[in-house]
Amino acid sequence: MSTAELATSYAALILADDGVDITADKLNSLIKAAKIEEVEPIWATLFAKALEGKDVKDLLLNVGSGGGAAAAPAGGAAAGGAEAAAEEKEEEKEEEKEESDEDMGFGLFD
């Protein structure tokens, strides 16, 4: 990581820790106050746009959690949960049968 990226990252963390909105102007002022002259203003703009509307503390706490997984629907799961599970198992079995190498006419050692 370059000095510019590190300086901007640390400035963003400082602002997030203080509960201040992360903007390019505030990032640049912190970087200048730290007397780091190698940072181009574009870095602050990029970081500000990337972190806009995000909770940095929450991002740090959930680094290894994976994110992106959709929550399961709660309402329909209780009523038809067993039926849906049975249907999913049947679909998985059908997919496994379709993907078999033997059906394609060749094997690993042919």
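The rules behind these values
Residues numbered from 1 in each chain as written. Predicted model: local features only at pLDDT ≥ 70, side-chain atom pairs only at ≥ 80, totals over all residues. Heavy atoms only, no water. Phe/Tyr/Trp six-rings, centres within 6.5 Å; stacked < 30°, edge-to-face > 60°. Helix = DSSP H or I, 4+ residues; strand = E, 2+ residues; numbered from the N terminus. Buried < 20%, exposed > 50% of the residue type's maximum accessible area, 1.4 Å probe, protein only. 1 Å grid on protein atoms, 1.4 Å probe; cavity = no way out; pocket = protein on both sides within 12 Å on 5 of 7 lines; lining within 4 Å. Points joined across faces, edges and corners; volume = space filled by probe spheres on them. Nonpolar A, V, L, I, M, F, W, Y, C, P; charged D, E, K, R; others polar.

An unreviewed UniProt entry lists the protein chain under the name Ribosomal protein 60S, with Lindgomyces ingoldianus as the source organism.

Caption draft 1: Region of interest: the packing of aromatic side chains. For the structure on display, the rule yields one aromatic pair. When the centroid spacing of 6.5 Å and the interplanar angle of 55° are considered together, the rings of Trp43 and Phe47 count as tilted. You can see Trp43 and its partner Phe47 sitting in helix H3 (residues 41–50), four residues apart, about one turn around the helix. You can call Phe47 buried: its relative accessible area is 19%.

Caption draft 2: Quick peek at the layout of surface pockets. The computed volume of the largest pocket comes to approximately 170 Å³. Ala16, Gly19, Val20, Asp21, Ile22, Leu51, Glu52, Gly53, Lys54, Asp55 and Val56 are the residues that line the largest pocket. Of the residues that constitute the lining of the largest pocket, the class distribution is five nonpolar, two polar and four charged.

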